[in-house]
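# Residue-level structural notes
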Amino acid sequence: MQPSAFDRLSEPVRKWIWQQKWKSLRDVQEKAIPAVLKGGDVVVSAKTAAGKTEAAVLPLLTRIKQRVDAEGGFAVLYVSPLKALINDQYRRLQPLCEACDVMLHKWHGDVSADAKTRARRRPSGIVLITPESLEALLVRRGNEIRYLFSSLDAVVIDELHAFIGTERGMQLQSILNRIEIEAGRDRIDRIGLSATLGDMRLAAAALRPGKGYEVELVQGEDQGNGLKLQIRGYYENQREQPTDGAEPEPDEDTLEGQVGPERHGIPHELADDLFRFMRGSRNLLFAGSRERVEMYSDRLRTMCEDTHLPNEFFPHHGNLSKVEREDVEVRLRDDPRPTTAVATTTLELGIDIGDVETIGQIGPGFSVASLRQRLGRSGRRSGKPAVLRMFVIEQPPIRGRHPVDRLNLGLIQSIAMVECLRANWCEPPLPAGLHLSTLVHQILALILQTGGTRPIPAFKTLCERGPFKAVDRALFASLLRCMALPENKLIEQSPEGLLMVGEYGEKITESHEFYPVFMTEREYRIIHETQTLGTYPLESPLMPGETLIFAGRRWLVLEIDDAARVITVRPTRGGKPPYFSGSGGVIHDHVVATMRQVLLGQERYVYLDKAANAMLEDARTAYVEMGLDRSCLMPYGEGVLVLPWLGTRKLDTLALALQNKDFKCVRFSHAIELQECTLSGVETFLNSIADGEVPADAALVDRVAKPIIARFDYCLSPDLMRLVTIFERLEIDALPAIAKALVEVDR
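First, a word on scope: everything that follows refers to the structure included in this document. (Residues numbered from 1 in each chain as written. Predicted model: local features only at pLDDT ≥ 70, side-chain atom pairs only at ≥ 80, totals over all residues. Heavy atoms only, no water.)

### Some words on the pattern of salt bridges
- Scanning the entire structure with this criterion turns up 45 salt bridges.
- One salt bridge connects Arg-337 with Asp-335, and the closest N-O pair in it is separated by 2.7 Å.
- Classification of Arg-337 by relative accessible area gives partly exposed; the value is 46%.
- Of the charged contacts in the structure, one is a salt bridge between Arg-703 and Asp-662, with a shortest N-O distance of 4.0 Å. Remark: Asp-662 occurs in the loop between helix H23 (648–660) and strand E23 (664–668) and Arg-703 occurs in the loop between helix H25 (697–701) and helix H26 (718–728); sequence separation between them is 41 residues.
- Residues participating in the shared-partner salt-bridge network are Asp-41, Glu-180, Arg-187, Arg-190, Arg-208, Glu-214 and Arg-465. (Salt bridge = Lys/Arg side-chain N within 4 Å of Asp/Glu carboxyl O. Buried < 20%, exposed > 50% of the residue type's maximum accessible area, 1.4 Å probe, protein only. Helix = DSSP H or I, 4+ residues; strand = E, 2+ residues; numbered from the N terminus.)

Dropping the structure here:
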């Protein structure tokens, strides 16, 4: 008879479990413990709060206790995407590690240099670390890597889905590969943890590039406590105009810097419902952008003041200071007072905020994976179902609306997201791209780590063995030449052929800002008296004397010190929403296809409120009246409206192809509007594409509005930039199939 998962754990670990009075191990733990004890790479996926951390750490502690001949060095790296997550995991794992007599270290930018020095001098146990801090360790202490990691037993990657297909994910894969090489190891076990993985095999390929087939997959079957769900619909309020044609009188809000009686465009009914549903309890409200987070938290705080209640609504986003964010997190986790955090994606990952009663979301969001992650924040207590309310705002049904507005696509996308969630579908991981910007970063990091390297060993380390497998030798050589150009000077080559950091490369790598691989905004600090409230982008227009809503409060800008990059403020009554740059997310083809099925179908969704039901019926009626059930092309004004029901990348590619044919093209929402053209002209063009007359790749890429997205894109030649755009941001090969589908439906 095989021993149980519990019996296979070491005695100190079993003793700790007894002390916690666990009735049993969770399903994911029962499955993961044998897999991790066996050794090898493992992907562990289960719902949020299903016990994934312990599923990895309990068997890893057992492996540590069973090692009898291990030399000095860290035993486990636990990599997390956020410092706040590391702080939570440290607090959570410290009692367990103490019970097992295993050292636990946290290592990120807020940890003191003394603590890091002590860990380096006597390395052992588990290190909780971010990718950026791990990069800094390799770059600054390259000669210590073998000493620190030669006995490394495993690497745990928490929130694996947050890394897959991203710049940080490629950086982390490259770092782990560099550690294996420097430590003289063929491979070190990798264990990925995630609550949202659409395709486990693609996740395995991301965990171990080139050898995903060797990764063991563990899927937890914890069913949770059920779900209570509602989508509520609202129309934007229309300002009433005086019947005599006079200008409306400004109200107090307008005089105080508001945008009018709608208070930032938030419908009165929506504000009332948010206040009614969330006041007096503990909740998360995902409002979308940072600007909308500030708008909604300000509106709800004002409603608390108007009803003479203490404030319960607090913003949480990445531009707020650490102190401001942690105050909200601690209040949710430890304070009995009712609290609602109005957040961006900052509270989507597993930061410990305790149990919340309700998840609210403004609008549909961009991914089912994100919706699933957010939903996992609620319903953690036994017998308590998760509660999700989605609040959707649409244009009012007035005469003369744009055809796209008649379809209420925000509501339709929200329904599609929920239906995908109910079908247990979420977006698969993105396939690996070229990531040349990240490769530039890793070339610089490798040079710093080694003190200089030659081109062929660098290629073998980063591309042949590392994660940049889509880059061949010729492309790698072209990239090196770009980095060495006089206008870039990121690297140079010694007479002996050694790659070294160049003049401009030295300026970049000397800064602590070198270690993040992603692009960061240049920002000012916002200060009230001696307190730093957060940061504000340099590109955002702001002048002394203006008012600003920030950190959920209203401020008057007193002074802007450009040299010190400081904005000084004091409290005031008025305030206008802040401006933050940013773009929308990428919507998957499957979600948009589901939207079309919602419009075509007759199903009634029990989770819609009365207003949302009416919006759905209006949208379905308009869809048929406009003939969109028979054709994706619709004459409109002096042009044509195209509704191809494609995901973001395919829709962008189609728009570029139309622009390349000199169509006057406006891409918005899920549609493309063509001006000054005929339906037959559009059909003729689409037929030519369907027959294989696809525009040249370079012609489409040259029309991309903002090709420079990643941090080091600026140093790429036009040819390399085109290659990145084609490979990662467009789907040119799909154009014939797209065009064929459009003309066939039209027939």
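### Quick word on the sheet that holds strand E12 (residues 358–362)
- Reading across the sheet, the six strands line up as E8-E13-E12-E9-E11-E10 and stay open at both edges, with parallel pairing between neighbours. Since the sheet does not close on itself, it has two edges, and those belong to strand E8 (227–235) and strand E10 (313–316), each with one partner. On average, each strand axis in the sheet is tilted by 20° relative to the strand beside it, whichever way the strands run.
- Sitting on the sheet, helix H12 (residues 290–306) is in contact with strand E9 (282–286), E10, strand E11 (339–343), E12 and strand E13 (386–394), with an inclination near 165° to E10. (Pairing = 2+ DSSP bridges. Axes fitted to C-alpha atoms, helices over the stretch in contact; angles between N-to-C directions. Contact = heavy atoms within 4.5 Å.)

### Considering the environment of Arg-8
- Position of Arg-8 among the secondary structure elements: in the segment before helix H1 (11–20).
- A relative accessible area of 32% places Arg-8 in the partly exposed class.
- Sequence spacing of Arg-8 and Thr-117 is 109 residues, and the spatial spacing of their C-alpha atoms is 35 Å.
- Not counting residues up to four positions away in its chain, the partners in contact with Arg-8 are Pro-3, Pro-34, Leu-37, Thr-62 and Gln-66.

### Some remarks on the pairing of strand E3 (residues 104–107)
- Pairing of E3 with strand E4 (residues 126–129) involves four bridges; the strand directions are parallel. The residue of E4 that forms the bridge with His-105 is Val-127.
- Following the chain from E3 across helix H5 (residues 113–121) to the adjacent parallel E4, one finds a crossover that is right-handed. (Right-handed = clockwise from strand over helix to strand, strands pointing away.)

### Section: unusual backbone geometry
- The backbone of His-435 shows a phi angle near 50°, a positive value even though the residue is not glycine.
- By the secondary structure assignment, His-435 is in the loop between helix H16 (409–422) and helix H17 (436–450).
- Positive phi, normally seen in glycine, also occurs at Glu-676, with a value near 55°.
- Relative to the helices and strands, Glu-676 resides in the loop between strand E24 (671–675) and helix H24 (679–690).
- Judged by relative accessible area, which is 56%, Glu-676 ranks as exposed.

### Comments concerning the sheet that holds strand E2 (residues 76–79)
- Across the sheet, which stays open at both edges, the seven strands sit in the order E3-E4-E2-E5-E6-E1-E7 with parallel pairing between neighbours. Unpaired on one side and paired on the other, E3 and strand E7 (216–219) mark the two borders of the sheet. Along the sheet, successive strands turn relative to each other by an average axial angle of 15°, direction set aside.
- Strand contacts of helix H8 (residues 167–182): E2, strand E5 (154–157) and strand E6 (189–194), with the helix running at about 160° to E6, the strand carrying the most contacts.

### Considerations on the packing of aromatic side chains
- Within this structure, the stated rule accounts for 13 aromatic pairs.
- With a centroid separation of 5.6 Å and an interplanar angle of 80°, the aromatic rings of Trp-16 and Trp-22 are classed as edge-to-face.
- In this structure Trp-16 comes out as buried when scored by relative accessible area, which is 8%.
- Three or more aromatic residues joined by ring pairs form one cluster here, namely Tyr-234, Phe-277 and Phe-391.
- In this structure, Lys-106 packs its charged tip against the face of Tyr-90, placed 5.2 Å from the ring centre.
- Positioned over the ring face of Phe-277 is Arg-389, at 4.0 Å from the centre of the ring. (Phe/Tyr/Trp six-rings, centres within 6.5 Å; stacked < 30°, edge-to-face > 60°. Lys NZ or Arg CZ within 6 Å of the ring centre and 35° of its normal.)

### Looking at the packing of helix H3 (residues 52–66) against helix H4 (residues 83–99)
- Close contact between H3 and H4 brings their axes to 12 Å; oriented N to C, the two are set at 35°. Where H3 crosses over H4, the two elements pack in a sense that is right-handed. Contact residues: Thr-53, Glu-54, Val-57, Leu-58 and Leu-61 in H3; Gln-89, Arg-92, Leu-93, Leu-96 and Cys-97 in H4.
- A class-by-class count of the residues in the contact of H3 with H4 yields six nonpolar, two polar and two charged. (Left-handed = near helix turned anticlockwise from the far one by under 90°. Nonpolar A, V, L, I, M, F, W, Y, C, P; charged D, E, K, R; others polar.)

Take it as geometry only, folks, not as evidence of what the structure does.
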